[in-house]
Amino acid sequence: MSKKIRKPIKKEKDFSGKILKILSQNANKPFNYKQIGAKLELDDTNSRNQIIKDLKILAAQKKIIETEPGKYLVKAISQDYYEGTIDMTSRKTAYFICDEFEEDVFIPTNNLNRALDKDKVKVYVYNRRKGKRPEGEVIEVIERDKTEFVGVLDMQPNFAFVSTANPKMYTDIFIPKDKIGEAENGDVVLVKIEDWPKRADSPFGSVIRVLGKPGEHNTEIHAILAEYGLPSDFPVEVEVYAQKLDTSIQESEIAKRRDMRDTLTFTIDPKDAKDFDDALSFKKLENGNFEIGIHIADVSYYLEEGTILDDEAYQRATSVYLVDRVVPMLPEVLSNFACSLRPNEEKYTFSAVFEVSPTAQVINQWFGRTVIYSDQRFAYEEAQYIIETKDNTIPVDISITGSSYVVSDEIVEATLKLDELAKILRKKRMQQGAISFDKVEVKFNLDEAGEPEGVYFKISKDANHLIEEFMLLANRKVAEYIGKQKKTFVYRIHDEPNEDKLIAMQTVIAKFGYKIDFRTKGDIAKSINALMEEVNGKKEQNLIDTLAIRSMSKAKYSTDNIGHYGLAFDYYSHFTSPIRRYPDVMVHRLLQYYLDGGASVSEEEYETKCLHCSNMESLATNAERDSIKYMQVKYMQDHQDEEFLGVISGVTEWGIYVEIVSNKCEGMVRIREIKEDYYTFDERQYALVGATSNRLLQLGDEIYVKVKNADLVKKQLDFHFLRRAE
């Protein structure tokens, strides 16, 4: 690998861009030609004369001002300079994202000037004439989005380079010999960029952690976490602090709470769950209504503000659910024990208790701290069995206890009534314009070593919807209670969908005979719901589900309540999962503070916290997605000789993306690999067209493929095209 430091610049015919960069970086300081020459490390007569000439041209173009004879300043307020962020492509070019431009500004490779993906930058924009796409040059990197990167170490005799698998990272990182540490050639490492000298092709960095050898399971999982700056372990001092917490249930504390230990209470969670942060209680009232309690682990009782435990939880902001493990927001002593609403244990909870009519109308509500006793723990499959059969004997093949057992008639009756009420609540939401995304989730059966043995699909059924509806009710009513008081609060907001993305989606789904009704917001929601129902179970379902989700805005946290479009709620918050989400902790604290009569808190302070939590949620989601891709590639490595039926899920000028029907793994067939004809990409038809046969390969077509290459490091699959599924 031959890498070399760039030679010093000797001559250049036009210094205009570099002059503008120097003056922009020193906006309030006038420069003469000698000072600019010194900055550019040029002292020969020809170069100095060229600088004088370029200064005069720039002044004539009114891009700079001559403040006194021979001294120049960049224009104080220039319409050509903007601040924004860099969005790299995989082709070493980029786009500049700035609110002031309707379309993104193209940045050629040689105009990046050391800017990396998502960096905050100042850009000089040119080509702003009508009919021409604006282009720009990075004048200054204001703030790096990240300085730590994961990659593979390539050792040379006196130095090393680290190259990353990220297609948007266009440069490798130079590591001096004294910054390599214990790392060996071929190791996967975490490196930190420390400098990028002017005349260097690559940034300079140091190895800060050795993650292991490429392709090893633990190495790749830790690499995913490190790539997104997510932790894998708790600092020792945080674990020690958590272990010292008094987690016993005290009579003195019970006396301050509403005692609901005698009310029938149970949990419904995934069968492999370890943290149970919500429980439901049920009581029939004499007036024919029902008292339904949504009881949430009282995390904020243990998590005191200003402690190292709270600081760590805030920095993490969320638990990360990777394909083979959970990286929790809270240490295990809290997440799996003290705060987990385990059966047959007394627990402190924060509750939303509702009096609900038989038609699911909320008659009364109460919020506050409680103590509960969970009578039963169900897996979703067990609750689903009760709902479907109305039988109180859980069979051995469904039971999480390992043997068949009998559920009390009282709990069966409560489960069936809650299911009935949940269905009414869900129907109301849909009528009000909520959008239902029951996207199929890919899950893996893993052996003890974390190797994938099989794939299964997680599908939401009535038991899932039962829990979902009552969690939504609590989240909505808490937000509404504070929102109507006009006090600062942490909302979960969701903006209206992006119309351009919806139009692009319409173009694709039209090929399958579907359409979206664009007349009103309500019509859009209704037509998307109808679409989701219509594609259910069809070969194109996963493709259209994905397109629909991508067309939506991203939900986020904010103190500025704009409502939640996807749920059709005017008020919405996250109250129900404080074990795994820090915004829920903030909601609990604020709710108790306002229940105690507190005045409105600082909106600015909480908006900053909301932004941090939204950002951390995004990183966690990306890490989770990468871990699934990694496991899909790992799974397909063991099935290289098998034929698979797939559906074309994407078409590009370089090939087609194919999603395998049986396991949802997606890979690429390169256009040159398709031997049955010579294919070219037709952008108008969004298809590959055969030159001889004129046949199309387009979205939704079924074809047979075989694995060509499974790259664990890049998390990419390449397929051989075998034949069409006739």
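Counting of residues starts from 1 at the beginning of each chain's written sequence and follows it residue by residue. A pLDDT threshold of at least 70 governs which residues receive local features in this predicted model, and a stricter bar of 80 or more applies before side-chain atom pairs are shown or counted, although totals over entire chains, interfaces and linings include all residues. With hydrogens and water stripped out, all remaining heavy atoms of the structure feed into the side-chain values.

S.K.: I would appreciate a short explanation of unusual backbone geometry in the present structure.
M.R.: One non-glycine residue, Lys118, lies in positive phi territory at about 70°. Think of it this way: any DSSP run of H or I at least four residues long counts as a helix, any run of E at least two long counts as a strand, and we number them from the N terminus. Mapped onto the elements of the fold, Lys118 is located in the loop between β5 (105-107) and β6 (120-126). We call a residue buried when its accessible area falls under 20% of the maximum for its residue type, exposed when it is over 50%, and partly exposed in between, using a 1.4 Å probe and counting protein chains only. For Lys118, a relative accessible area of 47% translates into the label partly exposed. If you check the backbone angles, Ala568 has positive phi at about 60° while not being a glycine. We classify Ala568 as partly exposed; its relative accessible area is 24%.

S.K.: Help me understand the sheet that holds strand β13 (residues 258-259), please; the structure alone is not making it clear to me.
M.R.: Sheet strands pair by backbone hydrogen bonding; their relative direction is either parallel or antiparallel. DSSP calls a pair of strands paired once it identifies at least 2 bridges connecting them. Taken in spatial order, the 7 strands of this open sheet run β13-β20-β19-β16-β15-β14-β21, and their pairing is mixed. Two strands in the sheet have a free side with no partner beyond their single neighbour: β13 and β21 (376-379). For strand β16 (residues 290-297) and strand β19 (residues 346-356), the ladder comprises 8 bridges, and the chain directions are antiparallel. The residue of β19 that forms the bridge with Ile296 is Phe350. Strands β14 (265-269), β15 (278-284), β16, β19 and β20 (362-373) of the sheet are contacted by helix α12 (residues 462-483), whose axis makes an angle of about 105° with β20. Contact between two residues is taken to exist if any of their heavy atoms lie within 4.5 Å; hydrogens are not considered. Angles here are taken between N-to-C directions and fall from 0 to 180 degrees, while the axes themselves are lines fitted to C-alpha atoms, restricted in helices to the stretch in contact.

S.K.: I tried to follow the confidence of the model for the protein chain on my own but got confused; where do I start?
M.R.: Detailed reading of the predicted coordinates is not advisable wherever pLDDT is low. Predicted confidence across the protein chain gives a mean pLDDT of 91, with 97% of residues reaching 70 or more. Per-residue pLDDT stays below 50 along residues 1-12; that stretch engages in 25 contacts with residues further than four places along the chain or on separate chains. Values of pLDDT, ranging from 0 to 100, describe the predictor's confidence in every residue of the model.

S.K.: How do you make sense of the environment of Tyr302 when you look at a structure like this?
M.R.: Positionally, Tyr302 belongs in helix α7 (residues 299-302). Residues Tyr302 and Leu334 lie 32 residues apart in sequence; the distance between their C-alpha atoms is 8.3 Å. In this view, Tyr302 contacts Leu245, Asp246, Thr247, Leu334, Ala338, Cys339 and Tyr348; residues no more than four positions away in its chain are not counted.

S.K.: It is not clear to me how the packing of α12 against helix α16 (residues 582-595) should be interpreted in this structure. Could you clarify?
M.R.: Each packed pair of helices is defined by two parameters, the angle between the axes and the distance between the axes. At their nearest, the axes of α12 and α16 sit 11 Å apart, and the two run at 45° to each other. Viewed along their axes, α12 and α16 adopt a mutual orientation that is oblique. When the axes of α12 and α16 are compared, the crossing they make is left-handed. Between α12 and α16, the residues in contact are Val478, Tyr481 and Ile482 and Val587, Leu591, Tyr594 and Leu595, respectively. Following the grouping adopted for this structure description, the nonpolar residues are Ala, Val, Leu, Ile, Met, Phe, Trp, Tyr, Cys and Pro, the charged ones are Asp, Glu, Lys and Arg, and the polar ones are all others, Gly among them. When grouped by side-chain class, the residues that make up the contact of α12 with α16 number 7 nonpolar, no polar and no charged. Should an angle lie under 35 degrees it is considered roughly parallel, over 145 roughly antiparallel, and from 65 to 115 roughly perpendicular; all remaining angles are considered oblique. The handedness criterion is simple: a crossing whose near helix is rotated anticlockwise from the far helix by less than a right angle is left-handed, and one whose near helix is rotated clockwise is right-handed.

S.K.: I would appreciate a short explanation of the environment of Ser24 in the present structure.
M.R.: Mapped onto the elements, Ser24 comes out in helix α1 (residues 16-25). Classification of Ser24 by relative accessible area gives buried; the value is 5%. Non-local contacts of Ser24, meaning those with residues more than four positions away in its chain, are made with Val74, Tyr81, Lys122 and Ile139.

S.K.: Please clarify how the nonpolar core should be interpreted in this entry.
M.R.: As used in this record, nonpolar core signifies buried Ala, Val, Leu, Ile, Met, Phe, Trp, Tyr and Cys residues forming a set joined through side-chain atoms within 4.5 Å. With 145 residues, the main nonpolar core has Phe470 and Tyr582 as its most contacted residues. The greatest single-element share of this core, amounting to 11 residues, is contributed by helix α17 (residues 603-637). Excluding its chain neighbours within four sequence positions, the residues that come into contact with Phe470 are Leu280, Ile292, Ile294, Leu418, Leu421, Ala422 and Leu425.

S.K.: Quick question: what am I supposed to make of the pattern of salt bridges here?
M.R.: Proximity of charged atoms lets side chains of opposite charge pair with each other. Salt bridges are defined as contacts in which a side-chain nitrogen from Lys or Arg sits within 4 Å of a carboxyl oxygen from Asp or Glu. Scanning the entire structure with this criterion turns up 40 salt bridges. The partner of Lys213 in a salt bridge is Glu184, and the shortest N-O contact between them spans 3.7 Å. Of this pair, Lys213 sits in the loop between β12 (204-212) and α4 (217-227) while Glu184 sits in the loop between β10 (173-176) and β11 (188-195), and the two are 29 residues apart along the sequence. The partly exposed category is assigned to Lys213, whose relative accessible area is 32%. Because the salt bridges share partners, they merge into one network encompassing Glu253, Lys256, Arg257, Asp298 and Arg369.

S.K.: In this structure, what is going on with the pairing of β21? I would like to understand it.
M.R.: Regular strands place side chains that alternate from one sheet face to the opposite one. Burial along β21 is two-sided: the face carrying Gln376 and Phe378 and the face carrying Arg377 and Ala379 are both buried. By the bridge criterion, 4 bridges tie β14 to β21 in an arrangement that is parallel. Pairing of Ile268 across the sheet is with Phe378, part of β21.

S.K.: What am I meant to see in the side chain of Glu220 here?
M.R.: Within the element layout of this structure, Glu220 appears in helix α4. This buried residue, Glu220, is left without a salt bridge; Lys715 holds the nearest opposite charge, at 4.7 Å. Counted as a polar contact is a pair of N or O atoms within 3.5 Å, where, for protein atoms, one must be capable of donating a hydrogen and the other of accepting one, and residues adjacent in sequence contribute only when both atoms are in side chains. Among the polar contacts listed, one links the side chain of Glu220 to the backbone nitrogen of Gly215, at a separation of 2.7 Å. Once you skip the residues sitting within four places of it in the chain, Glu220 turns out to touch Pro214, Gly215, Tyr630, Leu712 and Val713. His is not counted, nor are the chain ends, whereas Lys and Arg count as positive and Asp and Glu as negative.

S.K.: What should I look at first to understand the packing of aromatic side chains in this one?
M.R.: Aromatic pairing here means that ring centres of Phe, Tyr or Trp (its six-membered ring) are within 6.5 Å. Orientation follows from the plane angle: under 30 degrees is stacked, over 60 is edge-to-face, and everything else is tilted. Using the criterion set out here, one finds 20 aromatic pairs in the structure. Judged by centre distance (5.0 Å) and plane angle (85°), the ring pair of Tyr301 and Tyr302 falls under edge-to-face. Given the relative accessible area of 7%, Tyr302 is considered buried. With a centroid separation of 5.7 Å and an interplanar angle of 40°, the aromatic rings of Phe569 and Tyr572 are classed as tilted. Judged by its relative accessible area of 7%, Phe569 falls in the buried class. Judged by its relative accessible area of 5%, Tyr572 falls in the buried class. Among the aromatic residues, ring-to-ring pairing joins Phe159, Phe161, Phe174 and Phe204 into one connected group. Either the NZ atom of lysine or the CZ atom of arginine qualifies as a charge over a ring when it sits within 6 Å of the ring centre and within 35 degrees of the ring normal. Over the ring of Tyr557 we find Arg492; its NZ or CZ atom is 4.5 Å from the centre of that ring.

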